[in-house]
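Here's the letter readout for the chains.
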Amino acid sequence: MNWVPVISVIMPVYNAERYVEDAIASILAQTFPNFEFLITDDGSTDGSFSILETYAAQDRRIRLERQTNQGVSQTRNHMLTQARGEFIAVMDADDIALPNRFQQQLEFLKTHPDVVCVGGAHELIDEAGRLLTCLTLPTTDAEIQRLALAGHGSICHPCALIRRWALEQTGGYDATLHSAHDLDLWLKLGEMGQLANLQEPVLQYRLLTQSVSGRDPLLQRQEARQACEWAWARRGIVGTFEATDPWRPGPDADSQHQFMLQYGWWAFNSRQRRTALIYALRAIAALPSRLEGWKLLACAGLKPLPKTSTTESST
């Protein structure tokens, strides 16, 4: 094959049959078409591979592989060895890339040669695809790195477009980290060049209760601290770890109540009345005696919606 793509998209897939069609379609619909789409089925036991085969037969940019389960980090590292593009676009099988993502990010990297990785704002959606809010992230290298060194996720992983040489120079993903491999990567990339985020949303990020961070938030925090300690040692600095609060609900009623309220108010402020009502009812179901859930239900049902949607800061 003589054609050399500008971007290599890498997307591992594991038991994602419910969402993977939307993820693939969103990549194939990009306004910037010069990319190869590397997809590896990492030992799925559902119908994912059948869906992938159908799409691979329809678009020659897709390069499909299948393997026994290796884990997401090892799979991404293998895909990196197969990539031919100058830039690597990270993608997850349950998210949706917005149509101008590649075009906007590529233009930014071409006009900012010192930046090795760019992310962007992203819309949060729930498991059913309902909009919750739009999260913005810091746009300057100094603020992104400051937050990363304190353990905060200052770049959304599936939003990232990375210069391939820089990603290869880091050694890729650390396979010993199950849920903080992205933070570890940002810290390593930040030692090779600048990091950035676009102000515009580039992706719809799906909040799943069965994600790694959702299943074990304590492990996520432990691994994040380890990644920070490694970075502090490499950089010869004394750091402070700040990321102690989970960003996904735990199994206990208090956590469920807190996060259902958060999602409900996000939806209300995004002018999504029906979604706000759904999460008000979930908050009430978690802790019926708490007044906050009933307040959200009353506001979602009766109060006028905000005139414009609000955008939240992730920090």
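Provided above is the structure to which this section pertains.
Please read these numbers as outputs of a predicted model, since none were measured by experiment.

Remarks on the overall build of the protein
Now for step 1: When its secondary structure is counted, the protein shows 12 helices and 10 strands.
Now for step 2: For 315 residues, the compact-globule formula gives about 20 Å, and the C-alpha radius of gyration of the protein, at 20 Å, lands near that figure.
Now for step 3: Along the first, second and third principal axes, the C-alpha atoms of the protein reach 65 × 50 × 40 Å.
Now for step 4: Counting every position in the protein, which comprises 315 residues, the buried fraction comes to 52%.
Now for step 5: Residue pairs in contact within the protein that sit at least 24 positions apart in sequence constitute 78% of those at least 6 positions apart.
Now for step 6: Split by element, the accessible area of the protein, about 14,400 Å² in all, is 51% carbon and sulfur.

Considering the packing of aromatic side chains
Now for step 1: On inspection of all chains with the given rule, the structure shows 5 aromatic pairs.
Now for step 2: Between Y263 and W266, the aromatic rings sit 5.8 Å apart at their centres with planes inclined by 25°, giving stacked as the arrangement. Here the residue Y263 and the residue W266 both occupy positions in helix α10 (residues 253-269), the gap between them amounting to 3 residues, near one helical turn.
Now for step 3: On the basis of relative accessible area, W266 is assigned to the buried category, the value being 13%.
Now for step 4: Ring plane angle 85° and centroid distance 5.8 Å describe the contact between W265 and F268, whose orientation is recorded as edge-to-face. Taken as a pair, W265 and F268 lie in helix α10 at a separation of 3 residues, close to a single helical turn.
Now for step 5: Residue W265 is classed as partly exposed on the basis of its relative accessible area, which comes to 25%.
Now for step 6: Taking relative accessible area as the criterion, F268 reaches 2% and is therefore assigned buried.
Now for step 7: Sitting over the ring of Y173, R76 keeps its end group 5.5 Å from the ring centre.

Thoughts on helix α2 (residues 48-58)
Now for step 1: When we look at burial in α2, the residues that qualify are S48, F49, I51, L52 and Y55. Down the axis of α2, the sector holding all buried residues measures 155°, keeping them to one side. For α2, the exposed residues lying more than 90 degrees away from the buried face are A57 and Q58.
Now for step 2: On its buried face, α2 sits against β1 (7-13), α1 (20-28), β2 (35-42) and β3 (62-67).

Some thoughts on the pairing of β1
The side chains of a regular strand alternate between both faces of the sheet.
Now for step 1: Within β1, 7 of the 7 residues are buried, which leaves it mostly tucked inside the rest of the structure.
Now for step 2: Here 7 bridges tie β1 to β2, and the two strands are oriented parallel to one another. Looking across to β2, one finds that M11 is bridged to I39.
Now for step 3: In terms of handedness, the path from β1 via α1 over to β2 forms a crossover that is right-handed.

Some points on the side chain of D95
Now for step 1: Relative to the elements of secondary structure, D95 occurs in the loop between β4 (87-90) and β5 (96-97).
Now for step 2: One buried charged residue, D95, remains without a salt bridge, the closest side chain of opposite sign being R206 at 5.5 Å.
Now for step 3: Within the structure, D95 has its side chain in polar contact with the backbone nitrogen of R206 (distance 2.9 Å).
Now for step 4: Not counting chain neighbours up to four residues away, the residues in contact with D95 comprise A23, S26, P158, L203, Q204, Y205 and R206.

Things to note about the packing of helix α11 (residues 273-286) against helix α12 (residues 291-302)
A pair of packed helices is characterised by two quantities: the angle between their axes and the separation of those axes.
Now for step 1: Interhelical geometry of α11 versus α12 gives an angle of 160° and a closest axis separation of 8 Å. Relative to α12, α11 is oriented roughly antiparallel. For the crossing formed where α11 meets α12, the hand is left-handed. Each of R273, A276, L277, Y279, A280, L281, A283 and I284 in α11 lies in contact with α12, whose residues at this interface are G293, W294, L296, L297, C299, A300, G301 and L302.

Rules used in this analysis
Residues numbered from 1 in each chain as written. Predicted model: local features only at pLDDT ≥ 70, side-chain atom pairs only at ≥ 80, totals over all residues. Heavy atoms only, no water. Helix = DSSP H or I, 4+ residues; strand = E, 2+ residues; numbered from the N terminus. Rg over C-alpha atoms; globule rule 2.2 N^0.38 Å. Buried < 20%, exposed > 50% of the residue type's maximum accessible area, 1.4 Å probe, protein only. Contact = heavy atoms within 4.5 Å. Areas by Shrake-Rupley, 256 points an atom, 1.4 Å probe, with all protein chains shown as cover. Phe/Tyr/Trp six-rings, centres within 6.5 Å; stacked < 30°, edge-to-face > 60°. Lys NZ or Arg CZ within 6 Å of the ring centre and 35° of its normal. Arc of directions from axis to C-beta. Pairing = 2+ DSSP bridges. Right-handed = clockwise from strand over helix to strand, strands pointing away. Lys, Arg positive; Asp, Glu negative; His and termini not counted. Salt bridge = Lys/Arg side-chain N within 4 Å of Asp/Glu carboxyl O. Polar contact = N/O pair within 3.5 Å; in protein donor to acceptor, adjacent residues only side chain to side chain. Axes fitted to C-alpha atoms, helices over the stretch in contact; angles between N-to-C directions. Parallel < 35°, antiparallel > 145°, perpendicular 65-115°, else oblique. Left-handed = near helix turned anticlockwise from the far one by under 90°.

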